[in-house]
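Descriptive structure summary
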Amino acid sequence: MTQCSAEQKDFKADDERLCVRHRMSRIKHKILVLSGKGGVGKSTVAVNLAVSLALAGRKVGLLDVDIHGPSVPKILNLEDKKPVSLAEAIEPIAVMDNLSAMSVGFFLPDPDSPVIWRGPMKYQMIKQFLKDVEWSDLDYLIVDAPPGTGDEPLSVAQLIGDADGAVIVTTPQQVAVTDVRKCISFCRQLNLPILGVIENMSGFVCPKCGERVDIFKSGGGENMALEMNVAFLGRIPIDPQIVDACDSGHPYVKAYKDSKAAGCFAEAIRPILELEKPNTKTDLKGRATMRFAIPLHDGKLCLHFGHCDLFAVIDTENGTITGRTDMTPPPHEPGVLPKWLHEQGVNVILAGGMGQRAQQLFVQNAIDVVVGAPVDTPENLVTAYHNQTLQTGANTCDH
Ligand code: ADP
């Protein structure tokens, strides 16, 4: 076998990345399903989102690259299927007329024995999958990514390059919620928009009396989503029929389309379907037209908002900046700024730090408060807010 020179290797790697991009260019929308850790129902959510989109009439592909625990073949009863290799490509397996799936699970030797992957092999496997699966034209590709925030989901996100966004799955317990915070920061570092968080296994609906019991204390995911300024896509209850459906390979939302959980999935795909509308980028509350205020110091965000003598007021329409006016606030006195900014029509203040009392006053004046924003230009901050990539840290000025 001839050895590649370092230059040839680089060329080959670039070539392969280009092949991935070319393959992906035939897909209108690419969505990554992520979770901070395993076992929270990421694959279950990925499968049911894909089936819900297919039931809504879209042409969908489901790609399972969870190399340590590929469960899509089991959930869709495809374990006996063997993907067909064409010249340079692998054909995905048809699940419905308009839904096909591919999983690394089809290529692992034995589903019961663990596969020990060396780092570069994982990357190669993921790359090969993205490069070689012949999806042809799709409306959506739903990617069941490896859990966590390590090299594997990173490779997936980087190789796809221009994914439309991520859906993050968590369960309500504190420990899962803590992991999901890392997941949100991971997306923000990669500039990967976050479509929202789904809280899975959120309460148990008694099949006999219909009463809902919060076994793990629900709402942790929703509170965290609010706090971190990402959309909350809904709660999927613990439902024994989901386990049955997963174990028997019948897509849950198709088999139990009138169930409460199927209704939750139907709701959760709404922001995904919104991606189809050109130029409609609303904020988390569905507002298309917004006005932001940013306290300024030397042209950038001022960490001490109460003492700044200039505010940038930025208007946006469908997520795009349409104008900026710099305004001088009235002389400093307690409570004056929230009222004044409300009078200027401001909906959101992006601040470095702010005390609790001031935050309450803004909320009373119908202004959302984002604290912990970094020192940056107002335009960069507002753009990051709309892309849901705004990195917020500590509340730096609590007085
Ligand atoms: P992950 O991909 O995060 O590792 P899975 O999707 O494989 O998790 O789900 C793990 C297990 O939990 C599976 O047995 C699945 O059937 C079950 N499960 C997932 N979501 C629910 C739910 N809402 N109600 C009941 N069981 C669920």
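Everything in this summary refers to the structure shown in the same document. Positions within a chain are numbered from 1, following the residues in the order the chain's sequence is written. Only residues with pLDDT of 70 or above have their local features reported here, since the model is predicted, and side-chain atom pairs are shown and tallied only from 80 upward, although totals for entire chains, interfaces and linings are computed over all residues. With hydrogens and water excluded, all non-hydrogen atoms of the structure serve as input to the side-chain values.

Some thoughts on the pairing of strand S7 (residues 194-205)
Rule in force here: Each residue's exposure class comes from its accessible area (1.4 Å probe, protein chains only) as a fraction of the maximum for that residue type: buried when under 20%, exposed when over 50%, partly exposed otherwise. Here a strand is any run of E in DSSP of at least two residues, a helix any run of H or I of at least four, and the numbering for each starts at the N terminus. Here, strands pair whenever DSSP counts at least two bridges between them.
Taken across its 12 residues, S7 has 9 buried, putting it largely inside the fold. The pairing of strand S6 (residues 165-170) with S7 spans 5 bridges and is parallel. Its bridge partner being in S7, alanine 166 is matched across the sheet by isoleucine 194. Note: S7 against strand S9 (residues 232-238), 5 bridges, orientation parallel. Bridge assignment links valine 197 to a residue of S9, and that residue is phenylalanine 232.

Notes on the site of the ligand
The line we're drawing: Being near a molecule or strand, for a residue, comes down to having at least one heavy atom within 4 Å of it. In the analysis that follows, any N or O atom pair within 3.5 Å is treated as a polar contact, provided that within protein one partner can donate a hydrogen and the other can accept it, and provided that, for residues neighboring in sequence, both atoms belong to side chains. The Shrake-Rupley method, run with a 1.4 Å probe sphere, supplies the accessible areas, and residue values consider only the shown protein chains as cover.
Neighbouring residues of the ligand: 17 residues in total, closest Gly39, Lys42, Ser43, Thr44 and Pro237. Contact distances for the ligand include 2.9 Å between an oxygen atom and a backbone N or O atom of glycine 41. The contact in question runs from a nitrogen atom of the ligand to an N or O atom on the side chain of asparagine 200, over 2.9 Å. Starting from 570 Å² of accessible surface for the ligand in isolation, the protein chains cover 79%.

Let's talk about the packing of aromatic side chains
Stated precisely, the cut-off is as follows: Stacked, tilted and edge-to-face are the three classes assigned to paired rings of Phe, Tyr and Trp, where Trp is represented by its six-membered ring and a pair needs centres within 6.5 Å; plane angles under 30 degrees give stacked, over 60 edge-to-face, the rest tilted.
As enumerated under the stated definition, the model contains 5 aromatic pairs in all. Taking 5.8 Å as the distance between ring centres and 65 degrees as the angle between the ring planes, the aromatic pair formed by phenylalanine 311 and tryptophan 340 counts as edge-to-face. Of the two residues, phenylalanine 311 sits in strand S12 (residues 311-317) while tryptophan 340 sits in helix H12 (residues 336-343), which places them 29 residues apart along the sequence.

Observations regarding the pairing of strand S10 (residues 289-297)
Among the 9 residues of S10, 7 are classified as buried, and the element is accordingly described as predominantly covered. In this sheet, S12 lies alongside S10 in antiparallel orientation, the contact comprising 7 bridges. Bridge assignment links alanine 293 to a residue of S12, and that residue is valine 313. Where S10 and strand S14 (residues 348-350) come together, 2 bridges link them in parallel fashion. The residue bridging alanine 293 from the neighbouring strand is isoleucine 349, located in S14. With 2 bridges connecting them, S10 and strand S11 (residues 300-301) associate as antiparallel partners. Considered in S11, the bridge of leucine 296 is made with leucine 301.

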